[in-house]
Amino acid sequence: METTDIEWIRAYVHEVLGPSGSHGLDHIERVTAMCERIGRIEHADMAVLIPAALLHDIARPLEAAQGIPHEQEGARMAELFLAALPYPAGTIPAIAHAIRAHRFRSTETPATLEARILSDADKLDAMGAVGIARTFMRAGEHQGTIDDAVRHFDEKLLNLSGLMYTDTGRTVANERHALLSRFRAALNEEMDVW
């Protein structure tokens, strides 16, 4: 994996994603950093993992505008972009698989170590202090209320720790889940006062 390839991929992601948000560039960079951390510990193929992490949400704007599942369209977009670089052809199918399988609601199960790590890293960014902040950003982006954010905690975020694939992901998830649980309990107590 050449440094210039990663620079091209980052530039492409910046161009496609546009403005920041709950799934913006800061999310991409955090997920990529978590993939690097977990990938080193779990001995992943970084030539697959890092491009997949950088590209995993590139179709979010299309999903928002057209309802296209971003994991499916993102995998297709990544394959076309990487083939045009040219990125090593043997890694492109594994990158596309990781992107297709990363989502909480994905119909594709992560079948490779790199796909499992990306799935874990993406879920970890929805947990802990950052996850709390992103939940309220997301509610605001959808003109939602605190109650909408609370539903998101209850329906998704508080269930993520049991969905980790790697030992490293489980360790980090346990810490972040504890913070989420404490926050959710405090929020519930404060909202019940009135």
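Here's a quick rundown of the structure. (Residues numbered from 1 in each chain as written. Predicted model: local features only at pLDDT ≥ 70, side-chain atom pairs only at ≥ 80, totals over all residues. Heavy atoms only, no water.)

Regarding the overall build of the protein chain
Short version of the rule: We count a stretch as a helix when DSSP gives it H or I for four or more residues in a row; a strand needs E for two or more, and each element gets its number in order from the N terminus. Our radius of gyration looks at C-alpha atoms and nothing else; its globule reference is 2.2 Å times the residue count to the power 0.38. When accessible area is computed with a 1.4 Å probe and restricted to protein chains, residues below 20% of their type maximum are described as buried, those above 50% as exposed, and intermediate ones as partly exposed. Here, two residues are considered to be in contact whenever any of their heavy atoms come within 4.5 Å of each other. All tallies of charge rest on Lys and Arg as positive and Asp and Glu as negative; His and the ends of each chain are not included. Note that the charge is assigned to NZ on lysines, CZ on arginines, CG on aspartates and CD on glutamates.
Check the secondary structure of the protein chain and you find 10 helices and 0 strands. For the protein chain, the α and β elements follow one another from N to C terminus as α-α-α-α-α-α-α-α-α-α. The C-alpha atoms of the protein chain give a radius of gyration of 17 Å, which matches the 16 Å a tight globule of 194 residues would have. Within the protein chain, buried positions represent 47% of all 194 residues. Within the protein chain, contacts between residues separated by at least 24 positions form 65% of all contacts whose residues are at least 6 apart in sequence. Side-chain charges of the protein chain comprise 19 positive and 29 negative groups, with the mean position of each set lying 3 Å from the other.

Topic: the packing of aromatic side chains
Counted only if it meets this: Ring pairs are drawn from Phe, Tyr and Trp, using the six-membered ring of Trp, whenever the two centres fall within 6.5 Å, and their geometry is named by plane angle: stacked under 30 degrees, edge-to-face over 60, tilted for the rest.
Counted by the stated rule, this structure contains 4 aromatic pairs. Geometrically, the ring pair formed by Tyr12 and Phe81 is stacked, given 4.0 Å between the ring centres and 5 degrees between the ring planes. With Tyr12 in helix 1 (residues 3–17) and Phe81 in helix 5 (residues 70–84), the pair connects residues that are 69 residues apart, well separated along the chain. Pair check on accessibility: Tyr12 and Phe81 agree, each one buried.

Some remarks on the packing of helix 6 (residues 92–101) against helix 7 (residues 113–124)
Short version of the rule: Note on geometry: axes are C-alpha line fits, over the in-contact stretch for helices, and angles between N-to-C directions span 0 to 180 degrees. Crossings are assigned a handedness: left-handed for a near helix turned anticlockwise from the far helix by less than a right angle, right-handed for a clockwise turn.
Two elements in contact, helix 6 and helix 7, have axes whose closest approach is 8 Å; the angle formed by their N-to-C orientations is 35 degrees. By crossing handedness, the relation of helix 6 to helix 7 is classed as right-handed. Note on element contacts: helix 7 touches helix 6 through Glu114, Ala115, Leu118 and Ser119, opposite His97, Ala98, Ile99 and Ala101.

A closer look at the environment of Ala11
Considering the arrangement of structural elements, one finds Ala11 in helix 1. Residue class for Ala11 comes out partly exposed when judged on its relative accessible area of 43%. Residues Ala11 and Ile146, 135 residues apart in the sequence, show an inter-C-alpha distance of 35 Å.

Observations concerning the pattern of salt bridges
Spelled out, the test is: For salt bridges, the criterion is a side-chain nitrogen of Lys or Arg within 4 Å of an Asp or Glu carboxyl oxygen.
Enumeration over the complete set of coordinates arrives at 13 salt bridges. Arg60 is paired through a salt bridge with Asp57; the nearest N and O atoms lie 3.7 Å apart. Using a relative accessible area of 21% as the deciding quantity, one classes Arg60 as partly exposed. For Arg184, the salt bridge goes to Asp154, with nearest N and O atoms at 2.9 Å. In this pair, Arg184 sits in helix 10 (residues 167–192) while Asp154 sits in helix 9 (residues 146–155), placing the two residues 30 residues apart along the sequence. You can call Asp154 partly exposed: its relative accessible area is 37%.

Fair warning: the whole summary comes from geometry, so function is off the table for now.
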